[in-house]
Amino acid sequence: MRATGRRVLGFTPVVAAVVLPLAGPAAVASSGTHAVRMVAPTLQKTNRHVGTVHVPHPGTAFAANQSSNWSGYNQGALEKGTPFTSISGKWVVPTATQHTKGQAESSATWLGIGGGCVESSCSVPDETLIQTGTEQDVAADGSTSYDAWFELIPAPELIVTNVAIHPGDTVKASITSAVPEVWTITLTDVTDGQGFTQTVPYTSTLSTAEWIEETPLELGTNAGLAALPNLGTVNFDLATTNGAPAGLTAAEEMQLIDGNGHVIMAPSAPDGDTDGFNVCAWATSCGSPGSS
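A brief structural summary. (Residues numbered from 1 in each chain as written. Predicted model: local features only at pLDDT ≥ 70, side-chain atom pairs only at ≥ 80, totals over all residues. Heavy atoms only, no water.)

### Concerning the overall build of the chain
- Along the chain, the regular secondary structure elements total one helix and 21 strands.
- By residue count, 54% of the 292 residues in the chain fall in the buried class.
- Of all intrachain contacts in the chain linking residues separated by at least 6 positions in sequence, the fraction that spans at least 24 positions is 71%.
- When the accessible surface of the chain is totalled, it reaches about 11200 Å², and 57% of it is carbon and sulfur. (Helix = DSSP H or I, 4+ residues; strand = E, 2+ residues; numbered from the N terminus. Buried < 20%, exposed > 50% of the residue type's maximum accessible area, 1.4 Å probe, protein only. Contact = heavy atoms within 4.5 Å. Areas by Shrake-Rupley, 256 points an atom, 1.4 Å probe, with all protein chains shown as cover.)

What follows is the structure, given as structure tokens:
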């Protein structure tokens, strides 16, 4: 699981039983110029790094738009004037390499509803979170691993073992609630022509929406926020909420800071059609992508 948000808080991890009804049989959907095979995911609880855990909005920040483990964009219902019942977007899976020799490093690229700040000052946080994305990890010996996953706070993260993820793949994801408290999670690897869909029950506040590059919170012997690997520039695009373009604004940006308050990952300004942006690892600023 991955820790999320803005302010680091003391906490006791809570694991709740969540019934996950399987999606229907494998189906073939059209995406771009080729078919994408969608499957009911084969799931595995995370066991990497001894254990990792998501906590909505942890992180002691030096400013409202800074986080100890998030970089990207966070929209709030108080800011936008409406609850969020769907979110979507796409990204290119970054290539992770070791930043510090001999150090294990981790990152996660995802979108979700809940877990963030409902307005720009972050005085009102959201304790719920439903999310899906990819993870990019570097072991202490420099070897790398990639996977797809989804999570419903406070239940454990579930790794999707029958969808392979590779650096450079283009991934599209969506989370939608067409019926109250019932959600459909979909992640498609457009490059490889594979993906998964899962329908789950979940009670959300519907208060925030976000597109994030993150360093997880790890439990165990070396507990704490994961170290950030080299990722280069991560591109997010085609961001929507409630079926419409997200209309991202600079006020919704979040920078990732280290323990000394130094910016180590930064988002760009929105692209020209305000539905995309870049995130630059180990940088204090980031250039915007062109409109799509």
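### With respect to the pairing of strand β13 (residues 194–201)
- Sheet topology places strand β12 (residues 182–189) next to β13; eight bridges connect them, and they run antiparallel. Paired with Thr186 across the two strands is Thr197, which belongs to β13.
- Where β12 folds back onto β13 in an antiparallel hairpin, the turn is made up of four residues, including Gly193, whose phi is positive at roughly 70 degrees. (Pairing = 2+ DSSP bridges.)

### Overview of the nonpolar core
- Trp91, Ile130, Phe150, Ile185, Leu187, Phe196 and Trp211 are the most contacted members of the largest nonpolar core, which has 52 residues in total.
- The element contributing the most residues to this core is strand β9 (residues 144–152), with five residues. (Core = buried A, V, L, I, M, F, W, Y, C linked by side-chain atoms within 4.5 Å.)

### Structural notes on the state of the cysteines
- Under the definition given, this model contains one disulfide.
- Across a sulfur-sulfur distance of 2.1 Å, Cys280 and Cys286 are joined as a disulfide pair. Between Cys280 and Cys286, the S-S torsion sits near 60 degrees, and that sign places the bridge as right-handed.
- A relative accessible area of 11% places Cys280 in the buried class. (Disulfide = S-S within 2.5 Å.)

### Notes on unusual backbone geometry
- Each neighbour pair has its own omega, and for Ile153 with Pro154 the value is 10 degrees, a cis peptide bond.
- Looking at the secondary structure, you find Pro154 in the loop between β9 and β10 (158–160).
- The backbone of Leu206 sits at a positive phi, close to 65 degrees, despite the residue not being glycine.
- Despite not being glycine, Thr274 shows a phi value in the positive range, around 55 degrees.

### Let's talk about the side chain of Asp271
- Note that Asp271 resides in the loop between β20 (263–267) and β21 (277–281).
- Lys90 provides the closest opposite charge to the buried, salt-bridge-free Asp271, at an N-O distance of 9.6 Å.
- Those residues within four positions of Asp271 in sequence are excluded, and the remaining contacts are Asp237, Gly276, Pro289, Gly290 and Ser291. (Lys, Arg positive; Asp, Glu negative; His and termini not counted. Salt bridge = Lys/Arg side-chain N within 4 Å of Asp/Glu carboxyl O.)

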